[in-house]
Amino acid sequence: MLEAIVQGVLLGGYYAVLAAGLSLMFGVVRFINLAHGDMAVLGAMIALWFVQGAGLHVAIAIALTLPLMGALGWLMQRMIFERALRGGFLIPILTTIGLGAALQNGMFGLFGSDTKSLGAYIGNLSWASWEIPGGIFIGQLPGYMFLTAILVLGAVHVLLTRTAFGRAVRATATDSEAAALCGVDARRVHRGAAAIAVALAGLAGIFLAMRAQVTPFAGPMLLIFAFEAVVIGGIGSLRGTLIGGIALGLAQSLGAMISPQFSLLAGHCVFLAVLAYRLMSGAAAGRGGWRATITALVFHKSMLRGKS
Amino acid sequence: MSANSSEPILRAVGVNKSYGALKVLHGVDFHVLQGEAVGIVGPNGAGKTTLFGALAGSFPITSGTIHLQGADLGGTSAAERCRMGLARTYQVPRPFLGMTVFENVYVSAMSGMGANSARATQKAAEVLEMSGMMPLANRPTAALGLLDRKRLEVARALATGPSVILLDEIGGGLTEAELTELVDLIRALQSGGMTVVWIEHILHALLRVVTRLVCMAEGRVLAQGDPREVMAHPEVQAAYLGSSPE
């Protein structure tokens, strides 16, 4: 039991990194990137290519992949998302569905459909573990991943709260029109946020490739996990995303104790329970209408928009 | 500096704005000279705030031209206009909730002036001092009352280092003492060389500051000139009273 809880918390760090980019994009750019999971897979594939194709060390591959993913996010915001956003509510959704399909099939064409893993390239890290008092074993890889997740999310939090760019991001997220009147260039802020979001997706993909396998078509499942963590934790708050990720990890880990098949289902159940609670409290707030309900739903714990 | 320069710092010519079939601005000509303080009055729905939106670049205008310090503003974004020296406040304050008073002003200084962090911090402190908000600097904006939100709105605009500031009904809802403070602040700005355009319903406050008055009604400029003459204008009185004088 205790061991399952520890494993669940550690797994939560991975889900939090996966979800943080999705949350950031929606909180700042007001844009739901349905290709987020596919971008995570792309990050994994690029890192895998650096390791398998170019023969680089995993650490170097990661150091090269993350900036590359950031640049890709910046470019996609500039070339694709910005234009899609001008088309109203539906166009960005269709655009990212299409982008996801293109990414999946593009990766299939380039890298083949085999499952791939970084597990073989990280030495004994994939199976080594620490024993802590009470006879509990903590896998070193999940431990390091959790630590990295905390550090990375902490760094993004500091970036958003302490730096000039972060303040511009928060101003734009609160009121982009008022921010523009203060001289904040929303396009630059959006591109910066997209760069961070896609780099985070890439990191999550690399995590996945280290702890398990990836295939070009793994993206949609990752998107679902990211969505679940975001909804459980509340959009726009990194702390919420971390809590959401840990809740999802715990649910899956504890669910697996009941039966291996119940693992994912338990996560979905927690997600549905939180969703139902949010919907009901949204309806109870008497704001009515599906728009208001969705707003209540996603901004329940909004850090970017302040007190709600 | 005073209102002796003959070249307008801000000039709008033939500005039209329509939302579909609804025409909100009908060929509005408007200008303000360097260092001048101009008031804009008019009944609700006259297009005053829409004119501010058009000047500040909040939305594209249907036709017409706007120049700031001789530069054509056509095609420039609100953020670019801000950095060119045009600041605007909102009638209903729109602070960045979730950020402190200082952060609100700091973002403005940073983005509006393109300042580095040290310079932005200094500018933010200056502006907070000037607007009397220094004691509230670390307060979250969500906790501010109406007066402080209005002051923050002005402070945020000032932090962008503007040469022209557009003030949209910042006096509404204030007590007489608060209003006097506000008038003193705006006068101080103007004597420091800033050009002020002020939309206000509270005429006695407005007339303590402005040297020229523009009256708008139904998307048109009805009359402009000496404040007292404008207010005595029969059409202006008709617009305000809602009927033609007998």
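In short, a report on the structure. Per chain, residue numbering runs from 1 following the sequence as it is written. To read the labels, note that chains go from A and ligands from 1, taken in the order they are written. Two thresholds apply to this predicted model, a pLDDT of at least 70 for residue-level local features and 80 or more for giving and counting side-chain atom pairs, whereas whole-chain, interface and lining totals are computed over all residues. With hydrogens and water set aside, each side-chain value is computed from the structure's full complement of heavy atoms.

So, about the sheet that holds strand S4 (residues 63–68) of chain B. All names here are of chain B. Only when DSSP finds a minimum of two bridges between them are two strands counted as paired. Helix and strand definitions follow DSSP, with helices as H or I runs of at least four residues and strands as E runs of at least two, each counted in order from the N terminus. Spatially, four strands are ordered S2-S1-S4-S5 in an open sheet, and the strand pairing comes out antiparallel. Bordering the open sheet on either side are strand S2 (22–33) and strand S5 (71–72), each of which pairs with just one other strand. Relative to S4, strand S1 (residues 8–19) is paired through five bridges, and the arrangement is antiparallel. Bridged to asparagine 16 within S4 is serine 63.

For the rest of this paragraph, the subject is the interface of chain B and chain A. Whether two residues touch is decided by their heavy atoms; if any such pair falls within 4.5 Å, the residues are in contact. At the interface, 24 residues of chain B touch 21 residues of chain A. Note: buried area is the sum, over both parts, of the accessible area (probe 1.4 Å) each one loses when the two are combined. Among the residues of chain B in contact with chain A, Arg94, Phe96 and Glu103 of chain B are the three that bury the most area, contributing 24% of the side total. Definition used for salt bridges: Asp or Glu carboxyl oxygen within 4 Å of a side-chain nitrogen of Lys or Arg. On the surface where chain B and chain A come into contact, there are four salt bridges. A salt bridge links arginine 170 of chain A to glutamate 103 of chain B; the shortest N-O distance between them is 3.3 Å. For the purposes of these results, a polar contact is taken to be a pair of N or O atoms within 3.5 Å, where, inside protein, one atom must be able to donate a hydrogen and its partner to accept one; residues adjacent in sequence count only when each atom of the pair is a side-chain atom. Along the contact surface separating chain B from chain A lie eight residue pairs in polar contact (both at pLDDT 80 or more).

For helix H5 (residues 140–162) of chain A, which comprises 23 residues, the first-to-last C-alpha distance of 32 Å matches the rise-based estimate of 33 Å (1.5 Å per residue) to within 8%. Here the term buried applies to any residue with accessible area under 20% of the maximum for its type, exposed to any over 50%, and partly exposed to those in between, with areas from a 1.4 Å probe on protein chains only. Among the residues of H5 of chain A, Gln140, Leu141, Gly143, Met145, Phe146, Ala149, Leu153, Val156, Leu160 and Thr161 of chain A are the ones counted as buried. Helix span, as expected, comes to 1.5 Å for every residue beyond the first.

Any two side chains of opposite charge can pair, given that their charged atoms come close. Residue and element names in this part refer to chain A. All chains considered together, the criterion is met by eleven salt bridges over all chains. Two residues, aspartate 185 and arginine 187, come together in a salt bridge whose shortest N-O distance is 3.8 Å. Exposure remark for arginine 187: the relative accessible area of 43% places this residue in the partly exposed category.

With that settled, the discussion passes to the packing of helix H1 (residues 2–29) of chain A against helix H8 (residues 186–211) of chain A. Residues and elements named next belong to chain A. Only the contacting stretch of a helix is used when fitting its axis, a line to C-alpha atoms as for every element, and angles between N-to-C directions run 0 to 180 degrees. For the pair H1 and H8, the least separation of the axes is 9 Å and the interaxial angle reads 160 degrees. What the angle tells us is that H1 and H8 run roughly antiparallel. In this structure, H1 meets H8 at a crossing whose hand is left-handed. Contacts from Leu11, Tyr14, Val17, Leu18, Ala20, Gly21, Leu24, Met25, Val28 and Val29 in H1 reach Val189, His190, Ala193, Ala194, Ile196, Ala197, Leu200, Leu203, Ala204, Phe207, Leu208 and Arg211 in H8. Across the contact of H1 with H8, the residue classes break down as 19 nonpolar, two polar and one charged. Small angles under 35 degrees read as roughly parallel and large ones over 145 as roughly antiparallel, with 65 to 115 read as roughly perpendicular and the rest as oblique. Two helices that cross are described as forming a left-handed crossing if the nearer one is turned anticlockwise from the farther one by less than a right angle, and a right-handed crossing if clockwise. Note on residue categories: nonpolar means Ala, Val, Leu, Ile, Met, Phe, Trp, Tyr, Cys or Pro, charged means Asp, Glu, Lys or Arg, and polar means any other residue, Gly included.

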